[in-house]
Amino acid sequence: MTIDLKPETERLVHEELQQGHFSCVDEMIVQGVQARCKGKPLFRKVGRKTPAEAVAHIRQLRQGNRLPAGVTIKNLIDEGRA
């Protein structure tokens, strides 16, 4: 079967395959049809965080990330430039 796609749809298909969301076009179509039949979205929507939640998340990610005694950010920058 041959399917004609709009250029923007073809670009979307290529992007989804490159990003590894699907292994082939057939898989993309099957999952889309199954999701449509079940009334489920293909991808979970990523909710936006409130500013307070974002700060808490950043602080959680930074836990345990400490510089050794006597080392400063400036030292690291200078070392990176060397």
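Chemist: Explanation requested: the overall build of the chain in the structure shown.
Modeler: Looking only at helices and strands, one finds 4 helices and 0 strands in the chain. For the chain, the sequential pattern of α-helices and β-strands runs α-α-α-α. Taking 12 Å as the expected radius of gyration for a compact globule of 82 residues, we find that the chain reaches 23 Å, considerably beyond that expectation. Principal axes of the C-alpha set define a box for the chain whose edges measure 65 × 35 × 20 Å. Across the chain, the centroid of the 14 positively charged side chains sits 13 Å from that of the 10 negatively charged ones.

Chemist: Where do I start with a nonpolar patch on the surface in this structure?
Modeler: A cluster of nonpolar residues, Met1, Ile3, Leu5, Val25, Ile29 and Val33, forms a patch on the protein surface that exposes about 630 Å² of accessible area. As for its position among the elements, Ile3 is in the segment before α1 (7-18). Since its relative accessible area comes to 51%, Ile3 is described here as exposed.

Chemist: In this structure, what is going on with α1? I would like to understand it.
Modeler: Residues lying three or four places apart along an α-helix face the same way, a consequence of the helix completing one turn every 3.6 residues. For α1, which comprises 12 residues, the first-to-last C-alpha distance of 16 Å matches the rise-based estimate of 16 Å (1.5 Å per residue) to within 8%. Immediately beyond the C-terminal end of α1, within one or two residues, lies Gly20, with a positive phi of roughly 80 degrees.

Chemist: How do you make sense of the environment of Asn65 when you look at a structure like this?
Modeler: By secondary structure assignment, the location of Asn65 is in the loop between α3 (51-62) and α4 (73-81). For Asn65, a relative accessible area of 54% puts it in the exposed group. The spacing of Asn65 and Ile3 is 62 residues in sequence and 52 Å in space, taken between C-alpha atoms.

Chemist: Looking at this model, I keep getting lost on the state of the cysteines. Mind explaining?
Modeler: A covalent bond between the sulfur atoms of two cysteines is referred to as a disulfide. If you walk through the whole model with that rule in mind, you get 0 disulfides. The thiol of Cys24 is not disulfide-bonded; the next cysteine sulfur, from Cys37, is found 18 Å away. Using a relative accessible area of 32% as the deciding quantity, one classes Cys24 as partly exposed. We classify Cys37 as exposed; its relative accessible area is 67%.

Chemist: Please clarify how the pattern of salt bridges should be interpreted in this entry.
Modeler: Note that side chains of opposite charge can pair when their charged atoms are close. All chains considered together, the criterion is met by 2 salt bridges. Note that Arg11 is salt-bridged to Glu15, the shortest N-O span being 2.8 Å. Note that Arg11 and Glu15 are positioned in helix α1 at a spacing of 4 residues, about one turn of the helix. For Glu15, a relative accessible area of 30% translates into the label partly exposed. Taking the shortest distance from any N to any O, the salt bridge between Asp78 and Lys74 comes out at 3.1 Å. Of this pair, Asp78 and Lys74 both sit in helix α4, 4 residues apart, roughly one helical turn. Take Asp78: its relative accessible area is 34%, and that puts it in the partly exposed class.

Procedures and definitions
- Along each chain, residue indices are assigned from 1 in the same order as the chain's sequence is written.
- Under the rules for a predicted model, residues below a pLDDT of 70 receive no local features and side-chain atom pairs below 80 are neither given nor counted, while totals for whole chains, interfaces and linings still include all residues.
- Side-chain numbers come from the whole structure's heavy atoms, not from hydrogens or water.
- Going along the chain from the N terminus, every DSSP run of H or I of four or more residues is numbered as a helix, and every run of E of two or more is numbered as a strand.
- For this measure, only C-alpha atoms enter the radius of gyration; the expected value for a globule follows 2.2 Å times N^0.38, where N is the number of residues.
- All tallies of charge rest on Lys and Arg as positive and Asp and Glu as negative; His and the ends of each chain are not included.
- Taken as the charge centre is NZ of Lys, CZ of Arg, CG of Asp or CD of Glu, depending on the residue.
- Patches were defined on residues exceeding 30% relative accessible area and lacking a salt bridge, with like-charge contacts within 9 Å and nonpolar side-chain contacts (Val, Leu, Ile, Met, Phe, Trp, Tyr) within 5 Å.
- Surface accessibility follows the Shrake-Rupley procedure with a 1.4 Å probe radius. Residue values consider only the protein chains on display as shielding.
- Basic side-chain nitrogens of Lys or Arg form a salt bridge, by our definition, when they fall within 4 Å of a carboxyl oxygen of Asp or Glu.
- The buried label goes to any residue with under 20% of its type's maximum accessible area, the exposed label to any with over 50%, and the partly exposed label to all in between, with areas taken from a 1.4 Å probe on protein chains only.
- In a helix, the anticipated span is given by 1.5 Å times the number of residues less one.
- Cysteine sulfurs are considered disulfide-paired once they come within 2.5 Å of each other.

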